[in-house]
Amino acid sequence: MKHQKFFIYRHPEFRRRTGRDIQEYDKTDFDDIIAVIPYQSSRFPQGHDYSRRRPSEDWDYIKYDHSITQDSFSGEVPDVVLDILEIATATFAADKAVNREMYIDEDDLDDSLLETRNIKLQIPVLSPRLATEEVEQLYSDMVSHMTHDLVEYEFHYTEPVSSVGSVSTLSSIDAVSLLSDGLDSAAGIFYNRSESIDSVHTTVDYGQGVKSKSEKIADKAGIDHRAYRINSDRSREYTQFSRGLLHLSFAVAEALAVGTDNIRCFENGIMARFLILSDGWMTTRTVSPPFLAYFNEILSTVLEQPLEVENPFRDLTKTEITEMVPDTEVVKQTVSCPHSRWAKGNNCGLCVPCLIRNIGIIASSHEISFDELSEYNALLEADFEKQSLDFDVSEQGLNPSASSPEVFFKGIAEIAFFCRRVLEDNPQQLANEYSELLDKSIYKQHHRFAENFVDALGEVAHENPTIRTLLPDS
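Definitions and limits used
- Residues numbered from 1 in each chain as written.
- Predicted model: local features only at pLDDT ≥ 70, side-chain atom pairs only at ≥ 80, totals over all residues.
- Heavy atoms only, no water.
- Pairing = 2+ DSSP bridges.
- Helix = DSSP H or I, 4+ residues; strand = E, 2+ residues; numbered from the N terminus.
- Axes fitted to C-alpha atoms, helices over the stretch in contact; angles between N-to-C directions.
- Patch = residues over 30% accessible without salt bridge, like charges linked within 9 Å, V, L, I, M, F, W, Y side chains within 5 Å.
- Areas by Shrake-Rupley, 256 points an atom, 1.4 Å probe, with all protein chains shown as cover.
- Salt bridge = Lys/Arg side-chain N within 4 Å of Asp/Glu carboxyl O.
- Lys, Arg positive; Asp, Glu negative; His and termini not counted.
- Charge placed at Lys NZ, Arg CZ, Asp CG, Glu CD.
- Buried < 20%, exposed > 50% of the residue type's maximum accessible area, 1.4 Å probe, protein only.
- Phe/Tyr/Trp six-rings, centres within 6.5 Å; stacked < 30°, edge-to-face > 60°.
- Parallel < 35°, antiparallel > 145°, perpendicular 65-115°, else oblique.
- Left-handed = near helix turned anticlockwise from the far one by under 90°.
- Contact = heavy atoms within 4.5 Å.
- Expected span 1.5 Å × (residues − 1).
- pLDDT = per-residue confidence, 0-100.
- Nonpolar A, V, L, I, M, F, W, Y, C, P; charged D, E, K, R; others polar.

Taken in spatial order, the ten strands of this open sheet run β5-β4-β1-β2-β3-β8-β7-β6-β9-β10, and their pairing is mixed. The open sheet has two edge strands with one neighbour each: β5 (150–157) and β10 (308–310). Neighbour-to-neighbour, the strand axes of the sheet open up by a mean angle of 25 degrees, direction not taken into account. Sheet topology places strand β1 (residues 2–9) next to strand β4 (residues 117–125); six bridges connect them, and they run parallel. Residue pairing across strands places Phe6 opposite Leu121, the latter belonging to β4.

Structure representation (structure tokens):
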């Protein structure tokens, strides 16, 4: 297990409010420093030149455009909001700074695991409600669950000399909804409309082209959205499982700024619960029910006003949420692939999230050709009987641990095995292995997904008969 401890050198706005810089007695037993620094082009109402002080070249750093948050709150950002945002940005920076390994065992899929890291973060905070053992443990349990790691937090209260308390804002806004470039959040736009939910939409631009893609989706759907931005140039790790904390933390800032008590993040229940594959697979738990429970408990502990996050899609399949999008062009524009930067900004078509996306779309009523679904058309080009795909990962510049024929074949084989079990086995027998399936609604959801999977592969079989080897005999 890799061990690394970071001290978090807070944004200049934190240092302005505390009237102090990093001190020698802050430097305990950390291995490195992560500095939260401003964008050089940012301007603040206080008139301070925040770009003149640069961190050491030896430090890791993450850029955070505080001016956007300032604008949301008309210049008066509460202390607790600054803390929540910089805990999330520092976590994301540490997640990217400490590389991990992943291997795929050809003989035993369950041994195909991510390497676990032990990351410790020591963070000075302005809010005394955060600097408790209870909140430290909640953050540790939540982020460790999400990233497959052991992540530990130490929050040290630093009394501010210039403080901003809670901002009381009354608003007619019903909710803040997260908008990424993915299919699920796009469907959330139309779900809100169907429920007459007046929602503000928020995007976090973390340097993966998310903002430009979400803007296209927003324009096509006819909505406005605010894009917060951060950027970490020193990336050694590509999994970035902590990005869910990043999205929700900025949504908290937006919700408090506009005066709503509801945040909506949209993720189909198959990916949120993730029962279909073993734990070793490279996928995040950014909207899993346990993660949201941890996050909501943190909010109820540290905030003075009520605020709760919900996932309206937790009981739906990918096909069911795809059907909520009336415009096929919007469906085409979405990118659900976490590895799109290696696939010319498109869905790669080889990883597990792409498999779930493509299966959902094929089983839906949207008529989209297989060639338009993703950059690499593995569903049609693979020989599933021989387990072969004429594809050179190195020539395409892809990451073999994330987007490769090996990942594709093992992913679709395990999904097929799970679906066969759901469709053919006794529910009680299944529940002995998957305890969540004791819940009838969850069982029915996964049964519908299995039917979607069989329907989708049946469509593919018209052009690639070898895929029938994955279908139930009936």
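Another point: a negative patch on the surface. A contiguous patch of negative charge on the surface is contributed by Asp371, Glu381, Asp390, Asp392 and Glu463. Residue classification places Glu381 among the exposed residues on the basis of a relative accessible area of 55%.

This brings us to the pattern of salt bridges. Close approach of charged atoms allows side chains of opposite charge to pair. Inspection of every chain in the model, using the stated rule, returns 21 salt bridges. As a salt-bridge pair, Lys5 and Glu154 come within 2.9 Å of each other at their nearest N and O atoms. Of this pair, Lys5 sits in strand β1 while Glu154 is found in strand β5, placing the two residues 149 residues apart along the sequence. Two residues, Glu86 and Arg10, come together in a salt bridge whose shortest N-O distance is 2.8 Å. Here Arg10 lies in the loop between β1 and α1 (12–18) and Glu86 lies in helix α3 (residues 79–97), a separation of 76 residues in the sequence. Like Glu86, the residue Arg10 is buried in the burial classification. What emerges from the salt-bridge pattern is a single network uniting Glu13, Arg16, Arg17 and Asp79.

This next bit is on the packing of aromatic side chains. If you walk through the whole model with that rule in mind, you get 15 aromatic pairs. For the ring pair Tyr191 and Phe313, a centre distance of 5.4 Å and an interplane angle of 85 degrees mean the geometry is edge-to-face. Here Tyr191 is found in helix α5 (residues 183–194), whereas its partner Phe313 is found in the loop between β10 and α10 (318–322), with 122 residues between them in sequence. Counting every residue linked through ring pairs, the aromatic cluster contains Tyr64, Tyr228 and Phe250.

Once that is clear, we can look at the packing of helix α4 (residues 133–147) against helix α9 (residues 289–302). In the contact formed by α4 and α9, the axes pass within 9 Å of each other and the chain directions differ by 160 degrees. Relative to α9, the element α4 lies roughly antiparallel. When the axes of α4 and α9 are compared, the crossing they make is left-handed. Facing α4, whose interface residues are Glu134, Val135, Leu138, Tyr139, Asp141, Met142, His145 and Met146, α9 presents Pro290, Phe291, Tyr294, Phe295, Glu297, Ile298, Thr301 and Val302.

Further remarks concern the side chain of Gln122. Relative to the helices and strands, Gln122 resides in strand β4. Residue classification places Gln122 among the buried positions, given a relative accessible area of 4%.

The next thing to look at is helix α7 (residues 243–258). Its 16 residues give α7 an end-to-end C-alpha distance of 23 Å, which sits within 8% of 22 Å, the value for a rise of 1.5 Å per residue. With 16 of 16 residues buried, α7 is to be regarded as a mostly interior element. Directly beyond the C-terminal end of α7, a positive phi value near 85 degrees is found at Gly259.

The residue His148 is not glycine, and still its phi comes out positive at about 65 degrees. Turning to its location among the elements, His148 is positioned in the loop between α4 and β5. With a phi close to 55 degrees, Gln387 is a non-glycine residue in the positive phi region. Relative to the elements of secondary structure, Gln387 occurs in the loop between α14 (378–381) and α15 (393–396).

Taken residue by residue, the chain gives an average pLDDT of 85. The fraction at 70 or more is 84%. Low pLDDT, under 50, characterises residues 44–52; the predicted model gives this stretch 15 contacts beyond four residues in sequence or across chains.

Before going further, it helps to spend a moment on α3. Residue pairs spaced three or four apart in an α-helix point in one direction, given the helix's 3.6 residues per turn. Helix length check: α3 (19 residues) gives 27 Å between terminal C-alpha atoms against 27 Å at 1.5 Å per residue, within 8%. Of all the 19 residues making up α3, 19 are buried; the element is thus mostly covered by neighbouring parts of the structure.

What follows concerns the packing of helix α12 (residues 352–362) against helix α16 (residues 405–424). At a minimum axis separation of 9 Å, α12 and α16 run at an interaxial angle of 55 degrees. Here α12 is positioned oblique relative to α16, judged by the angle of their axes. α16 is crossed by α12, and the crossing has right-handed handedness. Here α12 contributes Val352, Leu355 and Ile356 to the contact with α16, which in turn contributes Phe408, Gly411, Ile412 and Ile415. A breakdown of the residues in the contact of α12 with α16 according to their chemical character gives six nonpolar, one polar and no charged.

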